[in-house]
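# Structural characterization, general
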Amino acid sequence: RTVLTGSASDRDGTIYARAWRKVSGPAGGDISDSLSLTPTIFNLQQGTYTYQLVVRDNNNQETTDNVVINVGAPLV
């Protein structure tokens, strides 16, 4: 498991909504709380995952940023 860390601010208003979503990757990689800025990602399998933080302000302006997680083979 790992923890994602995001942040959001708006110079001319307020943040209306934010959410993490899995964009790509193997099975697993579940998000503990997609509305949190610091969700735990668990049930990871070997492979490459991409997660996206989507933030929307009170003027309905939206911005996104991606995080890539590479999970290697387990150590024996």
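Placed above this text is the structure.
Residues numbered from 1 in each chain as written. Predicted model: local features only at pLDDT ≥ 70, side-chain atom pairs only at ≥ 80, totals over all residues. Heavy atoms only, no water.

Quick look at the nonpolar core now. In terms of nonpolar packing, the biggest core is built from eight residues, these being Leu4, Trp20, Ile41, Tyr49, Tyr51, Leu53, Val55 and Ile69. It is strand 5 (residues 47-57) that contributes the most residues to this core, four residues altogether. Apart from the residues lying within four places of it in its own chain, the contact partners of Leu53 are Gly6, Ser7, Ala19, Trp20, Leu37, Thr63, Thr64 and Asp65. (Core = buried A, V, L, I, M, F, W, Y, C linked by side-chain atoms within 4.5 Å. Buried < 20%, exposed > 50% of the residue type's maximum accessible area, 1.4 Å probe, protein only. Helix = DSSP H or I, 4+ residues; strand = E, 2+ residues; numbered from the N terminus. Contact = heavy atoms within 4.5 Å.)

What follows covers the packing of aromatic side chains. Enumeration over the complete set of coordinates arrives at one aromatic pair. Each ring, one from Tyr49 and one from Tyr51, has its centre 6.2 Å from the other, and the planes form 15°; the classification is stacked. Assigned by exposure class, Tyr49 and Tyr51 land together as buried. (Phe/Tyr/Trp six-rings, centres within 6.5 Å; stacked < 30°, edge-to-face > 60°.)

Moving on: the pairing of strand 6 (residues 62-71). One ladder, built from ten bridges, connects strand 5 with strand 6; its direction is antiparallel. Paired with Tyr51 across the bridge in strand 6 is Val67. Hairpin geometry of strand 5 and strand 6 is characterised by an intervening segment of four residues between the two adjacent antiparallel strands and by a positive phi of about 65° at Asn60. (Pairing = 2+ DSSP bridges.)

A few words now on the sheet that holds strand 1 (residues 2-3). Read across the open sheet, the three strands follow the order 1-4-3; overall the sheet is antiparallel. Looking at which strands have only one partner, the edges of the open sheet turn out to be strand 1 and strand 3 (30-31). Across two bridges, the pairing between strand 1 and strand 4 (residues 40-42) is antiparallel. What sits directly across from Thr2, in strand 4, is Ile41.

Purely geometric stuff here, so don't read any function into it on its own.
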